[in-house]
Amino acid sequence: MAKTATKSAKKPAAKAARPGAKPAAKAAAKSAAKVAKPAAKVSAEKLAPKAKAKPAKKPALSLSMLKPSVNNMSVRVFARAAGLDHSETDVWGLTRSPEYMARNPAHLTPMIEDKGLPRGVLWESCAIMQYLANKHGLEKLYPKAPAKRAMIDSAMFYLIGTLYPYVARATYPVLNFPQYAGEVGHSDAHPDKKSEAQKAAIEAIAEPLEVFHSFFRNGKPFIGGKNPSIADIRLAATLEFLAVIDYALPQWAKDYMAAIEKKLGKAYAEPAADVRGYIAYVRSQANA
Ligand SMILES: N[C@@H](CCC(=O)N[C@@H](CS)C(=O)NCC(=O)O)C(=O)O
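Note that the structure is a prediction, hence the values are computed from the model and not measured.

Caption draft 1: How the structure looks around the overall build of the protein chain. When helices and strands are tallied, the protein chain shows 11 helices and 5 strands. Within the protein chain, the proportion of its 288 residues that are buried is 31%. Across the protein chain, every contact between residues at least 6 apart in sequence was considered, and the portion connecting residues at least 24 apart equals 68%.

Rendered as structure tokens:
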């Protein structure tokens, strides 16, 4: 499995105020590399005169992300499951900084920067997974055969267009995430109206959820068949948010999520721990 270097924006507010400032972690890593180089050379020469110390290679792929987000979790799980050498930068509080907006006017995460992209960057979790799977020929995660691929694409579009808006309306108020303009939750409507809207969204989740089960999985362990596909990663990550409202997932969904975590191991568990940790934090605040 590829190494993942994680950079963290420890003081997002301070950094946002100085968008041009060199990130502290980057500067520290740079000076550490400077110090480490001569020492490595001496010991290498002593032990094996012909061996040359290679400078650490910077991963070609960099991912800007927010740890509590399941949109981000999808790409973080994918990158690990695919074994892609990449670095992660936590951009909490920085997405609307002039520096970020100049690269990504949609101010969204996840965002990758990758050589060869016409504009240098790409956002939208599903598009990122599709692009990287295409680029690296990851057919197990994203089948190449048009008909099989179409089912994965359909499941992902259905998730983003239908299931996710319900999940967001149901969970964002509890997660303390901003809701979308034009929605009841975003308006100054009476709190009763807001909880009515939230309740309606919670009730609406069951139908698309069942569609993923009966239509897309259709008796198979995963939408992708025997192995989880990018659509499965996207679905399992999305369902993680439902824990914050104690949503009663049907048994198949619980088993499905456990099966994905078992198949993908640390690749799933590590990013999931960030989402689960945030949910635990939000719940502890609510109970305080
Ligand atoms: N459909 C998008 C949703 C991306 C999204 O909503 N990202 C949020 C975090 S969950 C974000 O980066 N918000 C920061 C901002 O808008 O400034 C995807 O799947 O990537």
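Caption draft 2: Looking closely at helix α9 (residues 230-240). Where burial is concerned, most of α9 is hidden: 11 out of the 11 residues are buried. Buried within α9 are the following residues: Ile230, Ala231, Asp232, Ile233, Arg234, Leu235, Ala236, Ala237, Thr238, Leu239 and Glu240. Looking at the buried side of α9, the elements it contacts are α3 (70-81), α5 (125-135), α6 (146-175), α8 (206-217), α10 (251-264) and α11 (266-287).

Caption draft 3: Seen up close, unusual backbone geometry. The omega angle of the peptide bond from threonine 109 to proline 110 is -5 degrees, so this bond is cis rather than trans. Following the sequence through the fold, proline 110 ends up in the loop between α4 (98-103) and β4 (111-113). The backbone phi angle of histidine 107 is positive, close to 45 degrees, even though this residue is not glycine. Summarising the element assignment, histidine 107 is placed in the loop between α4 and β4. The exposure class assigned to histidine 107 is partly exposed, which follows from the 15 C-beta atoms found within 10 Å. One non-glycine residue, asparagine 176, adopts positive backbone phi at about 65 degrees.

Caption draft 4: Seen up close, the nonpolar core. Ranked by size, the top nonpolar core spans 60 residues in total, and within it Val77, Phe78, Ala82, Met129, Ala155 and Ile230 carry the most contacts. In terms of residues, this core owes the most to one element, α6, which gives 9 residues. Counting contributing residues, this core receives three or more from each of domain 1 (4-135) and domain 2 (146-287).

Caption draft 5: Representation of the packing of α6 against α9 within the structure. Following both chains from N to C, one finds α6 and α9 inclined at 15 degrees, their axes separated by 9 Å at the closest point. In terms of orientation, α6 and α9 fall into the roughly parallel class. By crossing handedness, the relation of α6 to α9 is classed as left-handed. Taking contact as the criterion, the partners of Ile152, Ala155, Met156, Leu159, Leu163, Tyr164 and Val167 in α6 are, on α9, Ile230, Ala231, Arg234, Leu235 and Thr238. Considering only residue class, the contact of α6 with α9 consists of 10 nonpolar, 1 polar and 1 charged.

Caption draft 6: Just the confidence of the model for the protein chain, in detail. Looking at the protein chain as a whole, its pLDDT mean stands at 87, while 83% of the residues score no less than 70. The secondary-structure element of the protein chain with the lowest mean pLDDT is helix α1 (residues 12-17), recorded at 32, while α9 shows the highest, at 99. Across residues 10-47 the pLDDT falls below 50, and counting only partners more than four positions away or on other chains, this stretch makes 25 contacts in the model.

The rules we used
Residues numbered from 1 in each chain as written. Predicted model: local features only at pLDDT ≥ 70, side-chain atom pairs only at ≥ 80, totals over all residues. Helix = DSSP H or I, 4+ residues; strand = E, 2+ residues; numbered from the N terminus. Buried ≥ 20, exposed ≤ 12 C-beta atoms within 10 Å, placed from the backbone. Contact = placed C-beta atoms within 7 Å. Core = buried A, V, L, I, M, F, W, Y, C linked by C-beta atoms within 7 Å. Domains from an automatic or database assignment. Axes fitted to C-alpha atoms, helices over the stretch in contact; angles between N-to-C directions. Parallel < 35°, antiparallel > 145°, perpendicular 65-115°, else oblique. Left-handed = near helix turned anticlockwise from the far one by under 90°. Nonpolar A, V, L, I, M, F, W, Y, C, P; charged D, E, K, R; others polar. pLDDT = per-residue confidence, 0-100.

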